[in-house]
Amino acid sequence: MADPLRSRSTPGRVLVALLGVVALMGCAPGPATPPTLPSATAGPGVPSSPSPPNHADLTRLLDRLAATDDEPGWRALIDSVDPHFATTSLWLRDNLAGLDLRLEPGSRIRALTAQRQELLGTEAFVQEVRARWSVPGTAPAEHTLWLTLTPGARGLRLAGITDGPCPTDAGSGPLPIWWLESVRIIRQGEVAVLAARSQDPDAWLPGLVQAREAVARRVPTTEPLVAQLPSTAGGFERVLGVRQGSHRLVAAAAWPFGDAAQLVVNPEAGGATQGEARQVLLTHEAVHVAAGSVRGQGPLWLTEGYADLVALADHPAVAAAHEANLADDQRRHGIADALVTNAELRPDNARVHAHYQRAWITVRVLDHGPDSRPAPGGGVADRVHAAVLTGTPLDDALAAEGWSTGTLTEAVSAELRRLVG
Ligand SMILES: [Zn+2]
């Protein structure tokens, strides 16, 4: 979850002003076309409708790209007629060497722009490829990539990686940081970071390790936390696969990439949160990653409130500030007499901070049990959260712990009255 509202600023309003900002990463607008008939070789073809390549040729190239990290072997796979890509291919090789990677052909191909065809030849085309990858020892993530390929005497070669859909196109989606820029891959304990060369991972690693440890105390997980740290806010948005300019003020996001979820950090939003508030944010997002609550199952008050319950446990000063802010909100607007709705947690809601804080209080009350004291063995919120995420209806999950939505709502109102004083 992106949680743009975690910033103290007013993201909704500022984001509108940023919508015109587009990162000018090379991209070629144009529709993807499904292949029609397989051909033995990629023929000259009509520029606007590329022929699909021979499947065996393509599979062989993809297998070699995924497995080759020696320089001579790699060079044989690269068409470096585009001098920019000749440079790109060097860091791409280094990036791939640090990953477990499998590449499989997708079904779509795209035509190049006339300008790119002039450079790469009329037989060049852009192939959809499915990538399944991981930092060794972590959960595999999945992405759709677009590879610019040229046929030659010794088979297909890779000639570019920037001719896929523009970020604004319908066919666009998330891209892994290692497809966008040169990265260092760092592993410390149960945290793996893919960091852009321009970034200082030491500025983030301790916080990520601390977040992973805080999460592990309550969320059963054996998976290491994987974080991507791009060099720019534009790169952050390419990694998420969101419209350029739409997430400039999001400091960090927990995001699904196939079956895996990872944490993505926006290096340019670092000023939005500092110190303890940033640590709370990282832990909050790490809860979403570990619990798998990035896919939106269950009511938001439960997933968001639970993430804050875990994140705020080690930060009493931040928790006290949240209580004070919520008490002020309830004094002004009256004590809430219903559970927090999904609409109240939307980033453009005027009272979104207070509603997040009310979701946290709701889960804190839930965690203490219907008798206002921790249930024997504890873990009430953990069990309800886990049950709802795996498909148990909320009412059933609450009933198993002695709650109903009615009794929980009343208990939360009582707690809010206590906070208001
Ligand atoms: Zn969240």
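Above this note sits the structure.
Read on for an overview of the structure. The structure displayed is predicted, hence computed values, not measured ones.

**Some words on helix H7 (residues 205-216)**
Step number 1: With twelve residues, H7 extends 16 Å from end C-alpha to end C-alpha; this agrees with the ideal 16 Å at 1.5 Å per step.
Step number 2: Among the residues of H7, those classed as buried are Leu-205, Gly-207, Leu-208, Val-209, Ala-211, Arg-212, Ala-214 and Val-215.
Step number 3: Each element contacted by the buried residues of H7 is listed here: strand S6 (183-188), strand S7 (191-196), strand S8 (225-229), strand S10 (260-265), helix H9 (275-291) and helix H10 (300-312).

**Thoughts on the packing of aromatic side chains**
Step number 1: Applying the stated criterion across every chain, the model contains two aromatic pairs.
Step number 2: Ring centres of Trp-133 and Trp-178 lie 5.6 Å apart, and the angle between their planes is 80°; on these two criteria the pair is classed as edge-to-face. With Trp-133 in strand S3 (residues 125-134) and Trp-178 in helix H6 (residues 177-180), the pair connects residues that are 45 residues apart, well separated along the chain.
Step number 3: Owing to a relative accessible area of 1%, Trp-133 belongs among the buried residues under this scheme.
Step number 4: With a centroid separation of 6.0 Å and an interplanar angle of 85°, the aromatic rings of Trp-178 and Trp-179 are classed as edge-to-face.

**What to know about the packing of H9 against H10**
Step number 1: The geometry of H9 relative to H10 is characterised by a closest axis approach of 8 Å and an angle of 130° between their N-to-C directions. Comparing their axes, H10 and H9 come out oblique. By crossing handedness, the relation of H9 to H10 is classed as right-handed. Facing Val-280, Thr-283, His-284, Val-287 and His-288 of H9, the residues of H10 in contact are Thr-303, Glu-304, Tyr-306, Ala-307, Asp-308, Val-310, Ala-311 and Leu-312.
Step number 2: Across the contact of H9 with H10, the residue classes tally to seven nonpolar, four polar and two charged.

**Here we look at helix H11 (residues 316-333)**
Step number 1: For H11, which comprises 18 residues, the first-to-last C-alpha distance of 25 Å matches the rise-based estimate of 26 Å (1.5 Å per residue) to within 8%.
Step number 2: Within H11 the residues assigned to the buried category are Val-318, Ala-319, His-322, Leu-326, Ala-327, Asp-329 and Gln-330.

**Some remarks on the sheet that holds strand S9 (residues 252-257)**
Step number 1: Overall, mixed pairing links the five strands, which are arranged S6-S7-S8-S10-S9 in an open sheet. For this open sheet the edge positions go to S6 and S9, each flanked by a neighbour on one side alone. Across the sheet, the mean angle separating the axes of adjacent strands is 25° when strand polarity is ignored.
Step number 2: Note: S9 against S10, six bridges, orientation antiparallel.

**Describing the nonpolar core**
Step number 1: In terms of nonpolar packing, the biggest core is built from 66 residues, with Leu-208, Leu-263, Trp-301 and Leu-408 touching the most fellow members.
Step number 2: Ranked by residues supplied to this core, first place goes to helix H12 (residues 352-368) with nine residues.
Step number 3: Here this core spans two domains, and each of domain 2 (174-273) and domain 3 (296-421) adds at least three residues to it.
Step number 4: Leu-408 has contacts with Trp-301, Leu-339, Thr-362, Val-365, Leu-366, Leu-398 and Trp-403, leaving out every residue within four places of it along the chain.
Step number 5: Of all hydrophobic cores here, the second largest spans 48 residues; its members include Ala-66, Leu-175, Trp-178 and Leu-194.

**Quick notes on the pattern of salt bridges**
Step number 1: If you walk through the whole model with that rule in mind, you get 23 salt bridges.
Step number 2: Measuring nitrogen to oxygen at the nearest pair gives 3.4 Å for the salt bridge that ties Glu-104 to Arg-102.
Step number 3: For Arg-351, the salt bridge is made with Asp-329, and the minimal N-O distance between the two is 2.8 Å. One end of the pair, Arg-351, is in the loop between H11 and H12; the other, Asp-329, is in helix H11, with 22 residues separating them in the sequence.
Step number 4: Through salt bridges that share partners, Glu-71, Arg-75, Arg-93 and Asp-94 make up one connected network.

Conventions used here
- Residues numbered from 1 in each chain as written.
- Predicted model: local features only at pLDDT ≥ 70, side-chain atom pairs only at ≥ 80, totals over all residues.
- Heavy atoms only, no water.
- Helix = DSSP H or I, 4+ residues; strand = E, 2+ residues; numbered from the N terminus.
- Expected span 1.5 Å × (residues − 1).
- Buried < 20%, exposed > 50% of the residue type's maximum accessible area, 1.4 Å probe, protein only.
- Contact = heavy atoms within 4.5 Å.
- Phe/Tyr/Trp six-rings, centres within 6.5 Å; stacked < 30°, edge-to-face > 60°.
- Axes fitted to C-alpha atoms, helices over the stretch in contact; angles between N-to-C directions.
- Parallel < 35°, antiparallel > 145°, perpendicular 65-115°, else oblique.
- Left-handed = near helix turned anticlockwise from the far one by under 90°.
- Nonpolar A, V, L, I, M, F, W, Y, C, P; charged D, E, K, R; others polar.
- Pairing = 2+ DSSP bridges.
- Core = buried A, V, L, I, M, F, W, Y, C linked by side-chain atoms within 4.5 Å.
- Domains from an automatic or database assignment.
- Salt bridge = Lys/Arg side-chain N within 4 Å of Asp/Glu carboxyl O.

Nothing here speaks to function; it is all geometry.
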